[in-house]
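Given next are the chains, with one letter for each unit.
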Amino acid sequence: MTKRVVLLEDGTAEMKGLIGSQGAGLSELLHAGWPVPAGFAVTTECCREFSTRLGHCSTDAAQEVESAIHHLEQRTGKLFGDVKTPLLLSVMPNEVRSTTNERESFLYVGLNDVTVEGLADQTQDRCYALHCYRSLLQDFGYLVHGIPYELFGEFISEPEIQDELELERIITEHKIIIEIHGRTPFPQEVKAQLYQALGAFSHLHCSPVLVQVMMNEEYGEHMSSEAACKTAVDMVSEGLITKEEALLRIEPSQVTELIEFIEQPSQQSLAVQQLLEWADEVRSVLVLANVNHPRDGVLARALGAEGIGQCQIETMLLSPSRIPFVQKMITADNEYERRRGVERLLPMLQADFEHFFEVMDGYPVTINLLDPAWDERLLNVEADILDMQIEAIFRAALKAIRQGLWVRPEILIPPVSDSNELQRLRELVDHIADQILGEEKRHCLYKVGTTIEISRAGTIATQMARHADFFSFRALDVQENKNLVEMSVVQGKARKPYLRSGVCGEQAANAATIAYCHRIGLDYVSCSPEQVPFARMAAAQAAIREQKQGKSIQSHDISTTA
């Protein structure tokens, strides 16, 4: 008797020829107790039927597929095509295309104009449901009809749009694109979606196809973070998926939950460490940390930070042990007492910088100079406190160099009104460096940058770049000021091609912001130490998705040319 469909729970390692290596591997994981999503494999024999019947299947095959779907409905309590509790499926081939060397898959099969509202009710997030529908339309257009992703506009990996009406408009446009270029409407009948997906892979590969229940981790339907990470790593070890696919299966927030591997190594947390190592291999955006205390630097390096991207002196001065000295300095009755107060703070800051240079040996340490606007009373000692900060940095650098450390201070100038002011401050930094470092200056690879926070700075970025080695977008919200950010980067690099630029603050731990930074070519993001693993994963996923999009476009170009 011909076996056309095999449930994963009924599969064995010996069935590789029937259900493929992935199907057999998933069955083995399921038998071993891993929380593998329920599913079934459409066998090689059944796929041959699809291929010879031009994308259609026999009555017997259809009955077996529908019986397997009914089994999944019983397992999940959801119904395929149901308005209120829709069952959604992923469909993926066992084999990979040799031309692209990547697996492709349909996600959210079962979504249509009606069931998308059921998903919205289930998740209490209509934008999320619309994004899923949009993703299905793009995958369906590409995999069934060969419509390149670029024709759908913005790539699905950048879910920055959070407006329901805008998403509805985009979905309507996607359906029109499919109808025009595919010469047939997108099927609203969910079984038709599934059979066309199976037919597409059968025609391309003529090898087993896997169908599994879609799980939405962020809404509590999936396995735990620990199990998800270990399963992803194990599946790579078994040759079931690639490293890139494993990285895309994990939410960056799941990795953040498991940072306890530093103190308590476990099988699950070691899997997180492996995933982060893979992420570091593919990402191009550097991940730095915001620190204001020596202990923060230790944590940042332990979590994989590649340096310090923001260290605010004003915050360092607000510690309980230093506040009295700061208060005496700004409330002093005469100039002598004010200067004396400044001198008392120098060794305190120098000690902190020495620690940072030691912890970050070989990595950049960005120090934000005190902004006089922090307290108007500082204007009385502005020049003295400015000199003191720079002197503390280079005294600490000199000591670290003599200890055999590789020192990379990056001095960030507070927001300035014009390039002349930046030039004056840059010259002051260079002068103090010459005085303190002397011959050791050749061993101190310091840089001077400026903070981009105000709209005018973007319009004079070319002039700023003459005196700056890097730009830091700090308080500026890059998502709301994309034109300003991109204009600043383009103008700055036009003047100085090797100008570095990056984003600091809470926004640097946002996946959409990190993806945007990757897309426009920013060099780094700097977030809190605890968010470093999140940023490493998000940066890797942005790189992988861009590469995937590029491959689909390149593949289309080649086929069109041919």
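Shown above is the structure to which this text applies.
Values in this document were obtained by computation on a predicted structure and should not be read as measured data. (Residues numbered from 1 in each chain as written. Predicted model: local features only at pLDDT ≥ 70, side-chain atom pairs only at ≥ 80, totals over all residues. Heavy atoms only, no water.)

A. Geometry of the pairing of strand S9 (residues 409-413). Of all 5 residues in S9, 5 are buried, a share of seventy percent or more. Alternating residues of S9 divide into Pro409, Ile411 and Ile413 and Glu410 and Leu412, and every residue in both groups is buried. Across 4 bridges, the pairing between strand S8 (residues 365-368) and S9 is parallel. Paired with Thr366 across the two strands is Glu410, which belongs to S9. Here S9 runs beside strand S10 (residues 447-452); their pairing, made up of 4 bridges, is parallel. Its bridge partner being in S10, Leu412 is matched across the sheet by Gly449. (Buried < 20%, exposed > 50% of the residue type's maximum accessible area, 1.4 Å probe, protein only. Helix = DSSP H or I, 4+ residues; strand = E, 2+ residues; numbered from the N terminus. Pairing = 2+ DSSP bridges.)

B. Quick peek at helix H6 (residues 164-182). The end-to-end C-alpha distance of H6, which contains 19 residues, comes to 26 Å, matching closely the 27 Å that a straight helix rising 1.5 Å per residue would cover. Residues of H6 that are buried: Leu167, Ile170, Ile171, His174, Lys175, Ile177, Ile178 and Gly182. Mapping the buried residues of H6 onto a view down its axis gives an arc of 155 degrees, with all of them on the same face. Seen from the open side of H6, the exposed residues pointing more than 90 degrees away from its buried face are Leu165 and Ile180. Where H6 is buried, its residues meet helix H5 (126-145). Backbone geometry just downstream of H6 places Arg183 in the positive-phi region, at approximately 60 degrees. (Expected span 1.5 Å × (residues − 1). Arc of directions from axis to C-beta. Contact = heavy atoms within 4.5 Å.)

C. Quick look at the nonpolar core. Counting 83 residues, the largest nonpolar core has Ile313, Met329, Phe353, Phe357, Phe394, Phe471 and Phe473 as the members making the most contacts within it. Here this core gets 12 residues from one element, more than from any other, and that element is helix H16 (residues 382-402). Among all residues touching Phe394, those that are not within four sequence positions of it are Ile411, Val429, Ile432, Ala433, Ile436, Leu437, Cys444 and Tyr446. If you look at the next biggest cluster of nonpolar residues, it comprises 55 residues, including Val5, Ala38, Ala62 and Val211. (Core = buried A, V, L, I, M, F, W, Y, C linked by side-chain atoms within 4.5 Å.)

D. Here's a closer look at the pattern of salt bridges. For the coordinates displayed, the defined rule picks out 27 salt bridges. One salt bridge connects Glu343 with Arg340, and the closest N-O pair in it is separated by 3.7 Å. One end of the pair, Glu343, and the other, Arg340, are both in helix H15 (residues 335-359), 3 residues apart, so they sit about a helical turn from each other. Here Lys441 and Asp434 are joined by a salt bridge, their closest N and O atoms 2.5 Å apart. Owing to a relative accessible area of 26%, Lys441 belongs among the partly exposed residues under this scheme. (Salt bridge = Lys/Arg side-chain N within 4 Å of Asp/Glu carboxyl O.)

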